Amino acid sequence: MVHEDLRLKERFGFVRQCTEAICSPLAPEDHVVQPVVDVSPPKWHLGHTTWFFETFILIPEMKGYRAFDKNYNFLFNSYYETVGARVVRTDRGNITRPTVKEVLDYRKYVNEHMNHFLDSQEELSKSLSDLMELGIQHEQQHQELLCYDIKYILGNNPIFPVYLNKTLQEFNEPARPEFQHVDGGVYEIGYNGDGFCFDNELGIHKVYLHDYAIMDRLVTNGEYLEFILAKGYEDFRHWLSDGWEWVKNNSIKAPAYWYSLDGHWYEYSLNGGLKPLDLNAPVTHVSLYEADAYAKWKGLRLPTEFEWEVACSRHLGVNDNSNFMESENFQPMPQKGNNNQMYGDVWEWTNSAYLPYPFYKAPEGAVGEYNGKFMINQMVLRGGSCATPKDHIRATYRNFFHPHLRWMFSGIRLAKNQ
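Given the structure is predicted, the values throughout are model-derived calculations rather than measurements.

The rules behind each value
Residues numbered from 1 in each chain as written. Predicted model: local features only at pLDDT ≥ 70, side-chain atom pairs only at ≥ 80, totals over all residues. Heavy atoms only, no water. UniProt positions renumbered as here; feature names shortened; annotations may be inferred. Helix = DSSP H or I, 4+ residues; strand = E, 2+ residues; numbered from the N terminus. Expected span 1.5 Å × (residues − 1). Bend = angle between axes of the 7 residues up to and from the residue. Buried < 20%, exposed > 50% of the residue type's maximum accessible area, 1.4 Å probe, protein only. Pairing = 2+ DSSP bridges. Axes fitted to C-alpha atoms, helices over the stretch in contact; angles between N-to-C directions. Contact = heavy atoms within 4.5 Å. Parallel < 35°, antiparallel > 145°, perpendicular 65-115°, else oblique. Left-handed = near helix turned anticlockwise from the far one by under 90°. Salt bridge = Lys/Arg side-chain N within 4 Å of Asp/Glu carboxyl O. Phe/Tyr/Trp six-rings, centres within 6.5 Å; stacked < 30°, edge-to-face > 60°.

A. Looking closely at the UniProt feature "domain: Sulfatase-modifying factor enzyme-like" (unreviewed entry) in the chain. Those places that UniProt annotates as "domain: Sulfatase-modifying factor enzyme-like" (unreviewed entry) correspond, in this numbering, to residues 181–332 and 340–416. The distance from the first to the last C-alpha atom of residues 340–416 is 17 Å, and the span holds 0% helix and 23% strand.

Structure representation (structure tokens):
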């Protein structure tokens, strides 16, 4: 086996272990519930990420391989029409069988066969190596989704169970925000490198940007609380029409996981459970509607995804203090030193619709369903979060969600014209 394939095998084993480590604090009962349609049971994530390797690598590529259970293709297929029928997403919480133990046995079975398969190859073809890499990156995406879903499951439990208790470093109040000027001009957008990227990052193209400025840190809980106290949720003038209807129809009064109790604000966190709101930490679990309304209230706006990418790659850059999954904080942290928070902490809403870049072409086969068919009615977020693996993010990474969603670690960076 060549060195690159050995590296893939080691990364495969590491990523697979990380997924199970995320689930290790959970009770069996935590693995099976689905409180809302956007949340998948942790057991389903464990099965689906295993199904991906079995379906796309072992079954077509490993001679003599026998599927662990013929029913699992139906149970753990997510949205791949090419692969066949599947359980409707809303019914994933009904999958009480197989048990958690049986799904872990499934993971062990597939892991062992994957290792045997990789050991048997003198050299992987480029197409197979690319598929292996996609599988690893896909599982890292589900590790982040696991964090969202576990937080929703525990955070909506009446007794607010604690996922973990880690002593967090205390930080001073963040510095007064400054705005970084970016000259207008023609910039190249999209991935242009030799490493991995998702197909939605491809299609290098040029965009013209007018002069603009972008905030050098994220909006904090304390700053967002000012919007709440100013009755921002009660004033239609700040809101997009769809957002105002969403606020009224769902009685939205604050970000998700915020609670006002006896005149004090609390927030549910994976780290520590229900605790006093940290005013210095970045605000998170806000929808695009809330982010946009806050920006309008401040007389500012959200950046476009192109403005964000240019600012990140050419101006504000990367900092070693970024708060990723590896930090094991599992919550956004206050600004530390000169960290501009472009990476980690929270995914940053942009004012850009999720659309294909010029020259975009979906790959052939089932993997062509990975991104392209979702390029409608969603908005782009950039930068990663406290639940993102560190090696999974880059300046060109395009995340996307519907504008009303906020169970993910989503936050706000402001921009303005100049």
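That shown, we press on.
B. Looking closely at helix α2 (residues 42–61). Over its 20 residues, α2 extends 28 Å from the first C-alpha to the last, a length consistent with the 28 Å expected when each residue adds 1.5 Å. By the largest-angle criterion, E54 marks the main kink of α2, which is about 35°. Most of α2 sits inside the fold, with 17 of its 20 residues counted as buried.

C. Region of the structure containing the pairing of strand β6 (residues 264–269). Note: strand β5 (residues 258–261) against β6, four bridges, orientation antiparallel. The partner of S260 across the bridge, within β6, is W265. Where β5 folds back onto β6 in an antiparallel hairpin, the turn is made up of two residues, including D262, whose phi is positive at roughly 55°. Inspection of the sheet shows β6 paired to strand β7 (residues 273–276) by four bridges, in the antiparallel sense.

D. Molecular detail of the sheet that holds strand β12 (residues 415–417). Judged by pairing direction, the sheet is antiparallel, and its three strands sit side by side in the order β1-β4-β12 without closing on themselves. Edge strands, defined here as strands with exactly one partner in the open sheet, are β1 (179–182) and β12. Each strand of the sheet is rotated relative to its neighbour by a mean of 25°, with strand direction disregarded. Pairing geometry for strand β4 (residues 212–215) and β12, over three bridges, is antiparallel. Directly across from I214, in β12, lies its bridge partner A415. Where helix α9 (residues 305–316) meets the sheet, its contacts fall on β1 and β4, and the angle it forms with β4 comes to roughly 75°.

E. Representation of the packing of α2 against helix α4 (residues 100–120) in the model. Between α2 and α4, whose axes approach to 9 Å, the crossing angle comes to 30°. Here α2 lies roughly parallel to α4, going by the angle between them. Relative to α4, the crossing made by α2 is left-handed. Contacts from K43, L46, G47, T49, T50, W51, F53, E54, I57, L58 and E61 of α2 reach α4 at V100, V103, L104, Y106, R107, V110, H113, M114 and F117.

F. Quick look at the pattern of salt bridges. Enumeration according to the criterion identifies 20 salt bridges in this entry. Between E139 and R107 there is a salt bridge, with the nearest N and O atoms lying 3.0 Å from each other. Note that E139 is positioned in helix α5 (residues 126–155) and R107 in helix α4, a separation of 32 residues in sequence. Like E139, the residue R107 is buried in the burial classification.

G. Broad picture of the packing of aromatic side chains. Under the criterion given, the structure shown has 43 aromatic pairs. Ring geometry for F227 and Y294: centres 6.0 Å apart, planes at 85°, overall edge-to-face. With F227 in helix α6 (residues 221–229) and Y294 in helix α8 (residues 288–297), the pair connects residues that are 67 residues apart, well separated along the chain. The buried category is assigned to F227, whose relative accessible area is 0%. On the basis of relative accessible area, Y294 is assigned to the buried category, the value being 1%.

H. Just the sheet that holds β5, in detail. Here we have three strands laid out as an open sheet, ordered β5-β6-β7, and antiparallel in their pairing. Two strands bound the open sheet, and with one partner strand each, they are β5 and β7. Neighbouring strand axes in the sheet, compared pairwise and without regard to direction, differ in orientation by 35° on average.

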